[in-house]
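# Coordinate analysis (summary)
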Amino acid sequence: SGVGRGLDVKLLLKRWKAEPQKKLDCCVEVGATAADTSGNAIETAEWLHKEGFHSIYLVTANYHIRRAKLEFGRLAPDVVVTPYPVTPDKFDLVLITREYTKFLLAYVRSLL
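First, a word on what this report is: a plain description of the structure on this page. Within each chain, residue numbers correspond to sequence positions counted from 1 in written order. For this predicted model, a pLDDT threshold of at least 70 governs which residues receive local features, and a threshold of 80 or more governs which side-chain atom pairs are given and counted, while totals over whole chains, interfaces and linings are taken from all residues. Working from all heavy atoms in the structure, the side-chain values ignore hydrogens and water.

### What to know about the overall build of the protein
A run of H or I in DSSP becomes a helix once it reaches four residues, and a run of E becomes a strand once it reaches two; helices and strands are each numbered from the N terminus. Tallying secondary structure elements over the protein gives four helices and two strands in all. Listed by position from the N terminus, the elements making up the protein come as α-α-β-α-β-α. The rule is simple: take the accessible area with a 1.4 Å probe, protein chains only, and divide by the maximum for that residue type; under 20% is buried, over 50% is exposed, in between is partly exposed. Within the protein, the fraction of its 112 residues that count as buried is 26%. Working definition of accessibility: Shrake-Rupley area with a 1.4 Å probe, residue cover restricted to the visible protein chains. Only carbon and sulfur atoms are counted for the fraction: they give 59% of the accessible area of the protein, which is about 8000 Å².

Below, the structure written as structure tokens:
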């Protein structure tokens, strides 16, 4: 969930198979309807429950992994999340600062 618009699924799977987890290519699904991290967690939790799964690999940018995992924990507490952070080609201090602010807001929301 939350994949970029226009993502080439064949290219994604080709890259996936080139990595150490290539034996997992049977289990890749792509969803693109969620608009934000909370929506990704909701969309994915609904899909997992519908399919009868209880665990996922959470693949996202390394600077975003903590907030994404936090949202999954809040919105899908019964799902075991294995983080798989990836390093994006470009990121800067503004992006990191924005993500940290969003993380703090998500953390406060998870406490309420």
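### Points about helix α3 (residues 65-75)
Looking at α3, one finds that the buried residues are I65, R67, A68, E71 and F72. Buried residues of α3 fall within an arc of 165 degrees about the axis and therefore sit on the same side. Any two residues having at least one pair of non-hydrogen atoms within 4.5 Å are treated as being in contact. In this structure, the buried residues of α3 make contact with α2 (37-51), β1 (55-61), β2 (80-86) and α4 (93-111). It is the directions from the helix axis to the C-beta atoms whose arc is reported.

### Some thoughts on the pattern of salt bridges
Here, a salt bridge means any Lys or Arg side-chain nitrogen found within 4 Å of an Asp or Glu carboxyl oxygen. Counted by the stated rule, this structure contains four salt bridges. Note that E71 and R74 form a salt bridge whose closest N and O atoms lie 2.8 Å from each other. Of this pair, E71 and R74 are both found in helix α3, three residues apart, which corresponds to roughly one turn of the helix.

### What about α4?
The α-helix winds at 3.6 residues per turn, so residues separated by three or four positions along the chain end up facing the same way. Multiply 1.5 Å by the residue count of a helix minus one, and that product is the helix's expected span. Between its first and last C-alpha atoms α4 spans 27 Å; for 19 residues at 1.5 Å apiece the expected length is 27 Å, and the two agree. Along α4, the residues that are buried comprise E99, F103 and A106. Seen along its axis, α4 keeps its buried residues to an arc of 70 degrees; they face one direction. Residues L93, V94, Y100, L105 and L111 are exposed on α4 and point more than 90 degrees away from its buried face. On its buried side, α4 packs onto α3.

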